[in-house]
Amino acid sequence: MDTPGISLCMIVRNEAQHLEQCLLSVQGMVSEIIIADTGSEDNSMAIARRFGARVIRLPWEHDFSKARNHTLQLASYGWILVLDADEALANWKREELECLLESECADGYFLPFIHYVGEASGREYVTDNVCRLFRNDSRICFRGSIHEEVASSIWSLPGGHIAYARLPVHHYGYLDDELQRKNKASRNLQLILAALRLEPDSVPLRYALGTEYYQQGQYQAAADLLLPLLEEAPPDSGYTADLYLKTAFALQGGGRPADAESVYQAGIGLYADFTDLLESYAGLLLEQGQVWRAYPLLQRALDSGDTAHKYPSSSGSGTCRTRLFAGRVCERLFLYEEAMEHYRQAILYSPDDLAAWEQLATLCLLSGQAEQLAVFTRQLLPALPRRVLSRLVPAALNAHAASWLAALLAAPHLPEDIRQVLQVLLGTLFRDPEQPGAASAGLARMREDAPDNPWISGYLWALSCRSGGIAAAGQGLRRLAELPPELAAAHRRLAGLQAGPAEHGADEHSIILFPAEGTFPAPDTDSAARSEHHTDTPLTFADYSYAAQLLLQAGAWDTLLLLGRPTSAARFLWSRLPLPLLRGLLDAPVSFKMQWCADYTRQSQHYSLPGDAAEWLLYAAIAQSCGQVPQLTPADEQTLRQSGSTAAITGLSYHMLLLAAEVRPQGNISATGSIPWLLLVKSALQSGDDRDNNI
């Protein structure tokens, strides 16, 4: 089959790192390759010649259009494709391309460019549409010494028309390492300033300069440049929609929210379906606490869907990212069912979206919908990567969600060593919790084959605590170094607490009570290599969290109570543990929960900080789960009211309903149908310190 009649025109300098990938992507799509080398010192030209390119030497004169137009003059086919070396075609279909070339209606085509940004492994991107495929016509040429474009010359032709083609191009030049390697920010700034000295009134050049400042985070300087352009740029230009977005965000970032809102509103009036603009405006309203105004904007963005073919856009806008944003806003509005649906839709767009999975799993577990979560998970098992499974599996274990854990066990990407441990736990401990010996025996056999696996050692320690207490757990270890250091520290503290504070009081002051994060750590493959000399490692909240999760999963309830029991020197905040673990507490034996509540009420006078509101809400959840009406001391009530949390105030209202129902049991007064207490805990944590504390 003949190749399409296209000349590929490029300018290149020191692009050996990318050029081969670019030229491989165009094979079979172009009939000739013309490359102007502007001073390469690597083997770029050797690579070009290997692909049959016509290579010319061209001195660099700090003018991109001049260099590009020189290559256009050498093109011999009817259509021209222009690429940079760090760009590559994204699986173009020859049949589609030939149909576009045969059309008599278009002089050029806007192509969707996918610009990857940030870390190479993250795959975040922004998109825009650039005219890089056009007819070979001497009147069609590039304009502008930087941010050069060919569209304006096409539009200046009689009847000149540029259509849109769904032929994506990947661009890797905005990745962090590429920006640093080429020092693009400094280069671009110098070229723009030089061009502005010749054309100080140029709107495209002033927009380009404002964009450079914007990308460097110099929002005040960007806003000062971009804001006046809103009156000068024509609404139908290729960059005006982006101008409104960048101007509004720069004003917002520069501390001018009122001006930013005016620009957002004006921009939405012109571009009602510009999803990035709608999302960014919603973000401003959230900063101002106007949650009820933010949500309709996100709904409009979702109704618009993916509009990257019309506007510059960023990854997931109008689809998965907007869904995630809308879900979090719904949580702040206490619309938890709507939030879960947004998270489900985000995952359907992108099954490897870890943030959406974490949010969905947490809400489902806290609201008692583990079965529904299991059904949804089974639908997507083949698409779940290891990094997602590494967060979901501990959540299922912490919540004692056996059905969901069984679903995750069937995931093809679950590591085999993890699968074997989970099969032992699910087949014995979860399904027959009164017989922990079978789990211990199974794990002991596994340890013979993997003696350095800290995860297995941790479970054996927790099961020993359950069957024989702290002393038995210590005796069952050939040496304390068999445990990961964080568990060894927790074991020493537990042993000291059991012996009495006089023998262990010194360590109490090393506890970190307010962690930055509460997550289940992945098995530490380096733990076995750590020295036995780590016996003086201070106990941190992360150590507490790790030990608490293992003890809960093993059903070592007495030891878990001892671990979290407050002392005169420090207190333990259960609500700061991973939230699925709090779901596991509700499924604990009634005797444990009643003792937990008794411990809380004895110490509640010490809970007086605004962040402690979540602790009372957790207490209320546990108390109600074992048939008690939670107590509310004056100190507790003051803490809840001073927290500034809507979730805390809602909890107070529910408490009043429970009291009323207790006084008048026949009065048809109850909190039935109310928000589950654990969801209030989550909301209180998020409003108290503006962070997620999920899985």
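Residues numbered from 1 in each chain as written. Predicted model: local features only at pLDDT ≥ 70, side-chain atom pairs only at ≥ 80, totals over all residues. Heavy atoms only, no water.

Peer 1: Honestly, the layout of surface pockets in this entry has me stumped. Any pointers?
Peer 2: Leftover empty space is mapped by rolling, across the atoms, a probe with the size of a water molecule. Looking at the second largest pocket, its volume works out to about 800 Å³. Along its surface, the second largest pocket is lined by 30 residues, and Arg123, Tyr125, Ser315, Gly316 and Cys320 are the ones closest to its centre. Of all the secondary structure elements, the ones that give two or more residues to the lining of the second largest pocket are strand E6 (108-117), strand E7 (124-135), strand E10 (313-314) and helix H14 (320-332). Top contributing element to the lining of the second largest pocket by residue count: E7, with four residues. Within the lining of the second largest pocket, the residues separate by chemical class into ten nonpolar, twelve polar and eight charged. (1 Å grid on protein atoms, 1.4 Å probe; cavity = no way out; pocket = protein on both sides within 12 Å on 5 of 7 lines; lining within 4 Å. Points joined across faces, edges and corners; volume = space filled by probe spheres on them. Helix = DSSP H or I, 4+ residues; strand = E, 2+ residues; numbered from the N terminus. Nonpolar A, V, L, I, M, F, W, Y, C, P; charged D, E, K, R; others polar.)

Peer 1: Honestly, the pattern of salt bridges in this entry has me stumped. Any pointers?
Peer 2: Proximity of charged atoms lets side chains of opposite charge pair with each other. For the coordinates displayed, the defined rule picks out 24 salt bridges. A salt bridge links Glu261 to Arg293; its shortest N-O distance comes to 2.9 Å. With Glu261 in helix H11 (residues 257-270) and Arg293 in helix H13 (residues 291-304), the pair connects residues that are 32 residues apart, well separated along the chain. Residue class for Glu261 comes out buried when judged on its relative accessible area of 15%. Measuring nitrogen to oxygen at the nearest pair gives 3.0 Å for the salt bridge that ties Glu637 to Arg641. Taken together, the residues span about one helical turn, with Glu637 and Arg641 both in helix H30 (residues 634-642) at a distance of four residues. On the basis of relative accessibility, which here comes to 52%, the residue Arg641 falls in the exposed class. (Salt bridge = Lys/Arg side-chain N within 4 Å of Asp/Glu carboxyl O. Buried < 20%, exposed > 50% of the residue type's maximum accessible area, 1.4 Å probe, protein only.)

Peer 1: Explain the packing of helix H15 (residues 336-349) against helix H16 (residues 354-366) to me, please; I cannot follow it from the model alone.
Peer 2: Between two packed helices, what matters for the description is the angle formed by their axes and the separation of those axes. Where H15 meets H16, the axes come as close as 9 Å, and the angle between the chain directions of the two elements is 145 degrees. Crossing hand, H15 versus H16: left-handed. Residues Tyr336, Ala339, Met340, Tyr343, Arg344, Ala346 and Ile347 of H15 lie in contact with H16, whose contacting residues are Ala356, Trp357, Gln359, Leu360, Leu363 and Cys364. Here the residues of the contact of H15 with H16 sort into eleven nonpolar, one polar and one charged. (Axes fitted to C-alpha atoms, helices over the stretch in contact; angles between N-to-C directions. Left-handed = near helix turned anticlockwise from the far one by under 90°. Contact = heavy atoms within 4.5 Å.)

Peer 1: Please clarify how the packing of helix H10 (residues 240-253) against helix H12 (residues 275-287) should be interpreted in this entry.
Peer 2: Their axes nearest at 10 Å, the elements H10 and H12 cross at an angle of 15 degrees. Classified by the angle their axes make, H10 and H12 are roughly parallel. As H10 packs across H12, the resulting crossing turns out to be left-handed. For the pair formed by H10 and H12, the contact residues are Tyr244, Leu245, Phe249 and Gln252 on the first element and Asp276, Leu277, Ser280, Gly283, Leu284 and Glu287 on the second. (Parallel < 35°, antiparallel > 145°, perpendicular 65-115°, else oblique.)

Peer 1: Just to check I follow, could you spell out unusual backbone geometry for this structure?
Peer 2: The bulk of non-glycine residues show a negative phi, and the bulk of peptide bonds are trans. Backbone geometry places Asn91, a non-glycine residue, at a positive phi of 55 degrees. Counting through the fold element by element, Asn91 comes out in the loop between strand E5 (87-89) and helix H4 (94-102). Judged by relative accessible area, Asn91 falls into the exposed class, the value being 67%. Even without a glycine there, the phi angle at His400 is positive, about 55 degrees. With respect to the helices, strands and loops of the structure, His400 is situated in the loop between helix H18 (386-398) and helix H19 (402-409). With a relative accessible area of 25%, His400 lands in the partly exposed category.

Peer 1: Where do I start with the confidence of the model for the chain in this structure?
Peer 2: A low pLDDT score tells you not to read the predicted coordinates there in detail. Per-residue confidence for the chain gives a mean pLDDT of 86; residues scoring 70 or more make up 87%. In the model, residues 667-672 has pLDDT below 50 throughout and makes six contacts with residues more than four positions away in sequence or in other chains. For the stretch residues 689-693, pLDDT sits under 50, and the model shows 18 contacts to residues farther than four places along the chain or on other chains. (pLDDT = per-residue confidence, 0-100.)

Peer 1: What am I meant to see in the pairing of E6 here?
Peer 2: Along E6, nine of the ten residues are buried, which leaves the element largely enclosed by surrounding structure. In the sheet, E6 pairs with E7 via ten bridges, with the strands oriented antiparallel. Note that in E7 the partner of Tyr116 across the bridge is Tyr125. Sheet topology places E6 next to strand E8 (residues 162-164); three bridges connect them, and they run parallel. Counted as the bridge partner of Phe110 is Tyr164 from E8. Sheet topology note: the E6/strand E9 (residues 169-171) ladder contains three bridges and is parallel. Across the sheet, His115 pairs through a bridge with His171, a residue of E9. (Pairing = 2+ DSSP bridges.)

Peer 1: Which parts of the structure should I look at to understand the packing of aromatic side chains?
Peer 2: Aromatic ring pairs are reported here in terms of the distance separating the ring centres and the angle at which the planes meet. As enumerated under the stated definition, the model contains 24 aromatic pairs in all. When the centroid spacing of 6.1 Å and the interplanar angle of 50 degrees are considered together, the rings of Phe110 and Trp155 count as tilted. In this pair, Phe110 sits in strand E6 while Trp155 sits in helix H5 (residues 151-155), placing the two residues 45 residues apart along the sequence. Aromatic pair Phe274 and Tyr311: ring centres 4.7 Å apart, planes at 20 degrees, arrangement stacked. On the criterion of sequence distance, the pair formed by Phe274 in the loop between H11 and H12 and Tyr311 in the loop between H13 and E10 is long-range, its members being 37 residues apart. Judged by its relative accessible area of 0%, Phe274 is buried. The buried category is assigned to Tyr311, whose relative accessible area is 8%. Linked through ring pairs, Trp574, Trp596, Tyr600, Trp616, Tyr619, Tyr654 and Trp677 together constitute an aromatic cluster. Across from the ring centre of Phe142, 5.8 Å away, lies the NZ or CZ of Arg68, which sits over that ring. (Phe/Tyr/Trp six-rings, centres within 6.5 Å; stacked < 30°, edge-to-face > 60°. Lys NZ or Arg CZ within 6 Å of the ring centre and 35° of its normal.)

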